[in-house]
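# Secondary and tertiary structure notes
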Amino acid sequence: MAITKIPAAGFSDAVNFRNIIINGDMSIAQRGTSESGITSGGYKTIDRMYMVSNLGTFTQSQSTDVPTGQGFAKSLKMDCTTANASPSSGTLLYVAQLIEGQNLQYLKKGTSSAESLTLSFWVKSSKTGTYVCELYDNDNTRQISKSYTIDSANTWEKKTITYVGDTTGAFDNNNALSLYCNFWLGAGSNYTSGTLNTDWNSSTTANRVVGQVNLADSTSNEWYITGIQLEAGTSASDFEFLPHDVNLQRCQRYYLQWVNDNQQTIASGAYYSSSDVRMIVSFPTAMRNPPSLISSDVTDCFRVQRDSADDTFNLLKDGGPKNIYSMLVFGNTNLSGTDGHGGWIGTNNSSANLAFDSEL
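A brief structural summary. (Residues numbered from 1 in each chain as written. Predicted model: local features only at pLDDT ≥ 70, side-chain atom pairs only at ≥ 80, totals over all residues. Heavy atoms only, no water.)

### Considerations on the pattern of salt bridges
Which entries qualify depends on this criterion: Should a side-chain nitrogen of Lys or Arg be within 4 Å of a carboxyl oxygen of Asp or Glu, the pair is scored as a salt bridge. In this text, helices come from DSSP runs of H or I with a minimum length of four residues, and strands from runs of E with a minimum of two, each type numbered from the N-terminal end. Three labels apply to residues, based on accessible area from a 1.4 Å probe with only protein chains included: buried if under 20% of the type maximum, exposed if over 50%, partly exposed otherwise in between.
In the structure shown here, the tally under the stated rule is 19 salt bridges. With its nearest N and O atoms 2.7 Å apart, the salt bridge here joins Lys124 to Asp65. Here Lys124, found in strand β7 (residues 117-125), pairs with Asp65, found in the loop between β4 (57-63) and β5 (75-82); they are 59 residues apart in sequence, far enough to count as distant. A residue is classified by how much of its surface remains accessible, and Asp65, at 23% relative accessible area, is partly exposed. Salt bridges here are not isolated pairs; linked through shared partners, they connect Lys109, Asp137, Arg142 and Asp166.

Okay, structure coming up:
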């Protein structure tokens, strides 16, 4: 019997990383699954989802409320807990993904062959009305905004938005921030008083978010999103699900949660002096930049197990030598050991935390 070769094109469901958005199914949340009392911006829960906020107070969480029968297990939820129904002119509220320029070169932005982009996602809110999705070119201070409507309260709806290609202003080819994909939830008059800019132009603040509802105007308001996909072309394809390990590794390029509980291993190390223990932490994937270190500072939350004894200490620090693959980490707070002794360094408290941050 002859063996027939199946062409690569025959595997229509092969993963090709067409989705520019990382963790668009909201499945990875290394920092934690819920944060309350949010009144300012930053990365809060879901990996790669950045929040900009000075409007109202919110709880952000990883939710299991998802559209039925679509393959999603998690969503991002925004819950207003303190309302602001009369925002001042400079207030703003949005959730965004920040994207490296080197991941966008194939879009040919800034040339006559610039690719269109199509954004698709599932969204649900108790507050119906007009919302704005914006692409913001950080390299050239250009932007384009398109609106969508939540038609039915508390109902999952799929939205698809297409943005024309931009023939002006190329993205920088590096690992720095080039593109924001912004999901607006509220804004003051500085951002809403003009005419919505639905084509690529130099950014005019007043034209960015015209018509946007205010999700912060009532503590009854909630907003959910999942299945975010941004891809080249003028039509939306089915959401590109990645294996969990691949998705996690892509998130760990930007943020790596190393330990966050008691009795967890950090690394092997040795005493550099009687009050200074040092170790090398090798990252499971190359990080975007040599990262900053985040450590809890709780009495006796870390320990060195050596020579049939335990030495406890409070804080881990950046030892200086580091790159995108590893970092020298040391502790010298309340330590008293023996110069030259080796040992196992781990956690000694449920409040212990060690993470590495290389976010855009």
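### Here's the deal with the pairing of strand β21 (residues 326-331)
Worth spelling out the cut-off: Strands qualify as paired when DSSP identifies two bridges or more between them.
Of all 6 residues that make up β21, 5 are buried, and the element is covered over most of its length. In this structure, strand β16 (residues 276-282) lies alongside β21, joined through 6 bridges in antiparallel fashion. Bridge pairing in β21 places Met279 opposite Val329. Following strand β20 (residues 317-322), the chain reverses through 3 residues before pairing antiparallel with β21.

### So, helix α2 (residues 244-252)
Because each turn of an α-helix spans 3.6 residues, side chains separated by three or four positions end up pointing in the same direction. Stated precisely, the cut-off is as follows: Note that the arc is computed from the directions linking the helix axis to the C-beta atoms. Two residues form a contact once any of their heavy atoms are found within 4.5 Å.
Taken as a whole, α2 has its buried residues at Asn247, Cys251 and Gln252. Along the long axis of α2, the arc covered by the buried residues comes to 135°, so they all point the same way. Its buried side turned inward, α2 meets β14 (255-259).

### A look at the sheet that holds strand β11 (residues 177-187)
Backbone hydrogen bonds hold the strands of a sheet together, and the pairing may be parallel or antiparallel. Here we have 7 strands laid out as an open sheet, ordered β2-β3-β6-β11-β8-β9-β12, and antiparallel in their pairing. Edge positions in the sheet fall to β2 (42-43) and β12 (201-202), since each of these pairs with one other strand and no more. In this structure, strand β9 (residues 142-150) lies alongside β12, joined through 2 bridges in antiparallel fashion. Bridge assignment links Gln143 to a residue of β12, and that residue is Asn201.

### Some words on the pairing of strand β13 (residues 222-232)
Counting buried residues along β13, 9 of its 11 residues qualify, which places the element largely inside the surrounding structure. Relative to β13, β5 runs antiparallel, the two sharing 4 bridges. Across the sheet, residue Lys77 finds its bridge partner in β13, namely Tyr224. Of the pairings in the sheet, the one linking β7 to β13 comprises 8 bridges and is antiparallel in character. From the neighbouring strand, Ser120 faces β13, where its bridge partner is Gln229.

### A word on the state of the cysteines
Selection criterion: When the sulfur atoms of two cysteines come within 2.5 Å, that pair is taken as a disulfide.
For the structure shown, the criterion picks out 0 disulfides. Free cysteine Cys80: the closest other cysteine sulfur is in Cys133, separated by 20 Å. The exposure class assigned to Cys80 is buried, which follows from its relative accessible area of 1%.

### Things to note about the layout of surface pockets
Basically, it comes down to this: Any residue with an atom within 4 Å of a point lines the site, the site being either a cavity, points on a 1 Å grid over the protein atoms alone where a 1.4 Å probe fits but cannot get out, or a pocket, an open set with protein on both sides within 12 Å along at least 5 of 7 lines. Grid points are joined across faces, edges and corners, and a volume is the space filled by probe spheres set on the points. Three classes are used, and their members are as follows: Ala, Val, Leu, Ile, Met, Phe, Trp, Tyr, Cys and Pro are nonpolar, Asp, Glu, Lys and Arg are charged, and the others, Gly among them, are polar.
A volume near 240 Å³ is recorded for the largest pocket. Around the largest pocket sit 18 residues that line it, and Ile22, Glu100, Asn103, Arg250 and Tyr254 are the ones nearest its centre. Counting residues per element, the ones that place at least two in the lining of the largest pocket are β6 (92-100) and α2. In terms of residue count, β6 provides more of the lining of the largest pocket than any other element does, 4 residues in total. Among the residues forming the lining of the largest pocket, the class breakdown is 8 nonpolar, 6 polar and 4 charged.

### A word on the nonpolar core
Side chains of a nonpolar character, in soluble globular proteins, are inclined to be buried together. The condition is simple: Only buried residues count toward a nonpolar core. Its members are Ala, Val, Leu, Ile, Met, Phe, Trp, Tyr and Cys residues joined through side-chain atoms within 4.5 Å.
Core analysis: the biggest nonpolar cluster contains 43 residues, and Phe121 and Trp223 have the highest contact counts within it. Every element with two or more residues in this core is listed here: β5, β6, β7, β8 (129-137), β9, β10 (157-163), β11 and β13. If we skip the residues at most four places from it in the chain, Phe121 touches Cys133, Tyr148, Glu157, Lys158, Lys159, Ile161, Phe183, Ile225, Thr226, Gly227 and Ile228. Counting 23 residues, the second largest nonpolar core, distinct from the first, contains Val259, Tyr271, Val277 and Val304.

### Focus on the packing of aromatic side chains
In plain terms, the rule: Classification of ring pairs uses Phe, Tyr and Trp, with its six-membered ring standing for Trp, and accepts pairs whose centres are within 6.5 Å; under 30 degrees between planes counts as stacked, over 60 as edge-to-face, and the remaining range as tilted.
If you walk through the whole model with that rule in mind, you get 14 aromatic pairs. The interplanar angle of 75° and the centroid separation of 5.1 Å between the aromatic rings of Phe121 and Tyr148 together place this pair among those described as edge-to-face. Here Phe121 is found in strand β7, whereas its partner Tyr148 is found in strand β9, with 27 residues between them in sequence. Residue class for Phe121 comes out buried when judged on its relative accessible area of 0%. Grouping aromatic residues by their ring pairs yields a cluster made of Phe121, Tyr131, Tyr148 and Phe183.

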